2 protein chains.
Amino acid sequence: MTLPRLKRSTLGDDVYDTLRSAVLEHTLQPGDRVNIDGLARELEVSPTPVREALARLESEGLVRKRPLAGYTVSPLLTRAEFNDMFEMRLLLECAAARWAATRATAAQRSELVTEATRTIAGGDDRQWHAAFTALDAHLHDLIATASGSPLLRDSIARLHAHLHLHRRYFPYAQTAVTNDEHQDIAAAIERADPEAAETAMRVHLTRARERHLVAFQE
Amino acid sequence: MTLPRLKRSTLGDDVYDTLRSAVLEHTLQPGDRVNIDGLARELEVSPTPVREALARLESEGLVRKRPLAGYTVSPLLTRAEFNDMFEMRLLLECAAARWAATRATAAQRSELVTEATRTIAGGDDRQWHAAFTALDAHLHDLIATASGSPLLRDSIARLHAHLHLHRRYFPYAQTAVTNDEHQDIAAAIERADPEAAETAMRVHLTRARERHLVAFQE
DNA sequence: GGTTCGTAGATCCTATAGGATCTTTCCTGG
DNA sequence: CCAGGAAAGATCCTATAGGATCTACGAACC
């Protein structure tokens, strides 16, 4: 019999979750100054837990700290940083796909296939895109988890936080193609074909990179 | 004219550095409970900056937090975690060596060769081993930096913190071989041969893994 | 007009205090 | 002797207050 972990949470953790979401959903926009006291008043807590949450967010790179001058939300990726991120994604996520193909459990494989074939229901444009992005993130996380390497999963998760931030600013439209690519990856992993899984992931990421590159055209 | 960044530091940052060193040098041992108030008294600061430092260290995985019950220093790697770490090292550091071979600056190449040929001067056994470990960490960081990918370097740095923790507990003796392997890598990078650099790194890490494995024999 | 200086306001950082929770110890009952 | 429970102590977490630093604005000077 397994009971649900009863949650003994602290305010610091709650503030962290709230702030993290606020940054990712760009309620707090890149470059914005983060007023500790103001935020504390708004969340109806004291500055102490807010500081603790900010310290953690800084370690993840979502905010930057300037000593004695406060925190600011991390700016959007430069073109160089964007390229670096996709090189890292190629390195990490291709490995994740390869490993997942040989190590994933049966349950993970079937969940992966199910999620890859899911489509997003209607809603307004903005809402729909948010849901699509969430699904995409979830899928990549499933693969990272199925790789069986906690460290690999953690590294990928860190990257995706920044990717998410970028994506919210530059939505793109070709989601049907993305879905097809996802299904290719899922299928390869499902039939335990590491070579195909890695290749499918490489294709997917390479194309995704192209799709996102329009953000840097001026 | 470039002036040295004048340091406007906060107590939180100082405490962070001190605590991080304490964990890495196992002044604070794995599994130890971290008494916030006690630490604050010892460092002669208030608990507030100590909490901030601990929040950051937790994000890096050097300490663990149990809500309402304090922090503990992260335990040593299990055998599974150790294997996971070396799989990640193979993935990340081989890529770093490959990229460094094509992208490193001239200054980086020469520094790498210099450092790889350096030997550790005497001192007592413990001291000597600490110096050797530091040199090894520095060398791997040089390669990670020379890869030209800040994200890759950061990921590798995170891994090495845990590796360092493990190593301080299970020193091994075959340092001469290690030096040779380092020189092989440095030479390959110096002559801009990515294939050889990756291979040399792979050989080095595979053998290093074997050398460290004795820690798990009972 | 542009630059430098000085002041006022806002913000950050640290210390302290008290309520809430956990841990340990001791005691009681079986 | 062992299990269960209660109370005391230690520890954690949050709020508040005040000193220190930064930022912004306006005046004086070149």
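Residues numbered from 1 in each chain as written. Chains lettered and ligands numbered in written order. Predicted model: local features only at pLDDT ≥ 70, side-chain atom pairs only at ≥ 80, totals over all residues. Heavy atoms only, no water.

**What to know about the domain arrangement of chain A**
Residue and element names in this part refer to chain A. Segmenting chain A into domains produces domain 1 (11-73) and domain 2 (79-216). Distance between the C-alpha centres of domain 1 and domain 2: 28 Å. On the domain 2 side, the residues contacting the 11 residues of domain 1 number eight residues. For the domain 1 and domain 2 pair, buried surface summed over both sides reaches about 860 Å², with 51% attributable to carbon and sulfur atoms. When the buried area of domain 1 at its contact with domain 2 is split by residue, L24, E25 and H26 rank highest and sum to 47% of it. Here domain 1 is connected to domain 2 by zero salt bridges. (Domains from an automatic or database assignment. Contact = heavy atoms within 4.5 Å. Buried area = accessible area lost by both parts, 1.4 Å probe. Salt bridge = Lys/Arg side-chain N within 4 Å of Asp/Glu carboxyl O.)

**Remarks on the sheet that holds strand β2 (residues 63-65) of chain B**
Residues and elements named next belong to chain B. Taken in spatial order, the three strands line up as β1-β3-β2 in an open sheet, and their pairing is antiparallel. Whereas interior strands pair on both sides, the edge strands pair on one side only; in this sheet they are β1 (33-34) and β2. On the sheet, helix α3 (residues 47-59) packs against β1, β2 and β3 (71-73) and is oriented at approximately 105° with respect to β2. (Pairing = 2+ DSSP bridges. Helix = DSSP H or I, 4+ residues; strand = E, 2+ residues; numbered from the N terminus. Axes fitted to C-alpha atoms, helices over the stretch in contact; angles between N-to-C directions.)

**Observations regarding the relation of the copies chain A and chain B**
Turning chain A through 180° and shifting it by 0.0 Å along the axis lays it on chain B, with an RMSD of 0.1 Å. Read as a symmetry element, the transformation amounts to a two-fold axis. (Least-squares fit on C-alpha atoms with pLDDT ≥ 70 in both.)

**A short note on the interface of chain A and chain B**
Opposite the 32 residues of chain A that make contact, chain B presents 31 residues. Contact between chain A and chain B buries roughly 2,800 Å² in total, counting both sides, with carbon and sulfur atoms accounting for 58%. E52(B) is paired through a salt bridge with K65(A); the nearest N and O atoms lie 3.5 Å apart. At the boundary of chain A and chain B, one finds 13 residue pairs in polar contact (both at pLDDT 80 or more). (Polar contact = N/O pair within 3.5 Å; in protein donor to acceptor, adjacent residues only side chain to side chain.)

**Digging into the protein's contact with DNA strand C**
Among the 21 residues in the neighbourhood of DNA strand C, the closest are listed as N35(A), R51(A), L68(A), L11(B) and S46(B). Backbone atoms, meaning sugar and phosphate, make up 83% of the atoms of DNA strand C lying within 4 Å of the protein. Contact between DNA strand C and L68(A): a phosphate oxygen at 3.0 Å from a main-chain N or O atom of the residue. One of the backbone nitrogen or oxygen atoms of S46(B) is found 2.5 Å away from a phosphate oxygen of DNA strand C. Elements with a contribution of two residues or more to the surface near DNA strand C: α2 (36-43) of chain A together with α1 (11-24) and α3 of chain B. In terms of residues, the surface near DNA strand C owes the most to one element, α3(B), which gives three residues. (Near = heavy atom within 4 Å.)

**A short note on the protein's contact with DNA strand D**
Neighbouring DNA strand D are 22 residues, the closest being L11(A), S46(A), N35(B), R51(B) and L68(B). Atoms of DNA strand D within 4 Å of the protein belong to the sugar or the phosphate in 85% of instances, the rest to bases. Take the surface near DNA strand D: its biggest share by element is three residues, from helix α3 (residues 47-59) of chain A. Here the residues of the surface near DNA strand D sort into 11 nonpolar, six polar and five charged. (Nonpolar A, V, L, I, M, F, W, Y, C, P; charged D, E, K, R; others polar.)

**Side note on the pattern of salt bridges**
One pass over the structure, following the stated rule, counts 35 salt bridges over all chains. The residue D193(A) makes a salt bridge to R191(A) at a minimum N-O spacing of 3.7 Å. Given a relative accessible area of 25%, D193(A) falls into the partly exposed group. Salt bridges sharing common partners tie together D13(A), E52(A), R56(A), R51(B), E58(B) and K65(B). (Buried < 20%, exposed > 50% of the residue type's maximum accessible area, 1.4 Å probe, protein only.)

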